[in-house]
Amino acid sequence: MWIYIVIAIAIMILIYVLIIYNKFITLTNKVKEAFATMDVYLKKRWDLIPNLVETVKGYAHHEQETLKSVTTLRNHTYDTMSNDEKLQTNEELNGEIKKIMFLAESYPDLKASENFKDLRKELTQVENDIANSRKYYNAVVRMYNNKVEQFPSNIFAKLFGYKPKKMFEIAAEERENIKVNL
């Protein structure tokens, strides 16, 4: 009689472990899918940057330092970067793109250029898509991290080698208020 109870308990534990393991697989795949979605938009912005730089170059001859830093960042081969490198490089590009947009304010001819207007409109749309995909990515990572860190699934996470993933965060400079001097 005791043997049946022990077997039943062992089967229940095995079923629970399988359910937990499958949940980790599901959440891991959701994190990959969320990153892949965000990666599509990051790549789209990545490909848009050379056009933006070339357009600005024609008008902003005195701003070569900003354009050079964007070009230097952009010279990395996107497809060979790790996910962390993609996120880091794109964060650096965020700051440089903002500088380019501020440059446009100083050059009325550039601001009026149809090519620049089109690029700015497209970049704005891509930035909105990136923001939405970041929200989705962070939500999925939160669910994954909860599963990895909460008891009793944290025991199995360690057993199976699952570790918390890093959420996509904005840079410290972006958290500060922008000072406008008139």
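The sections below set out a description of the structure shown in this document. Since the structure is predicted, the reported quantities are computational estimates derived from the model, not experimental observations. (Residues numbered from 1 in each chain as written. Predicted model: local features only at pLDDT ≥ 70, side-chain atom pairs only at ≥ 80, totals over all residues. Heavy atoms only, no water.)

**Observations concerning the pattern of salt bridges**
The condition that has to hold: Salt bridge, as used here: a side-chain nitrogen of Lys or Arg that lies within 4 Å of a carboxyl oxygen of Asp or Glu. Only DSSP runs of H or I with at least four residues qualify as helices, and only runs of E with at least two residues qualify as strands; both kinds are numbered from the N terminus onward. For every residue, the accessible area obtained with a 1.4 Å probe (protein chains only) is divided by the maximum for its type, and the residue is called buried under 20%, exposed over 50%, and partly exposed between those limits.
Counted by the stated rule, this structure contains 5 salt bridges. As a salt-bridge pair, Lys-43 and Asp-47 come within 3.0 Å of each other at their nearest N and O atoms. Taken together, the residues span about one helical turn, with Lys-43 and Asp-47 both in helix α1 (residues 2-57) at a distance of 4 residues. Its relative accessible area of 25% is what places Lys-43 among the partly exposed residues. Judged by its relative accessible area of 37%, Asp-47 falls in the partly exposed class.

**Some remarks on the environment of Phe-116**
Operational definition: Two residues form a contact once any of their heavy atoms are found within 4.5 Å.
For Phe-116, the position within the fold is in helix α5 (residues 114-149). On the accessibility criterion, Phe-116 (0% relative accessible area) is buried. Separated by 63 residues in sequence, Phe-116 and Val-53 place their C-alpha atoms 9.8 Å apart. When neighbours within four sequence positions are excluded, Phe-116 is seen to be in contact with Leu-52, Thr-55, Val-56, Met-101, Ala-104, Leu-110 and Lys-111.

Everything listed is a geometric property; what it means functionally is a separate question.
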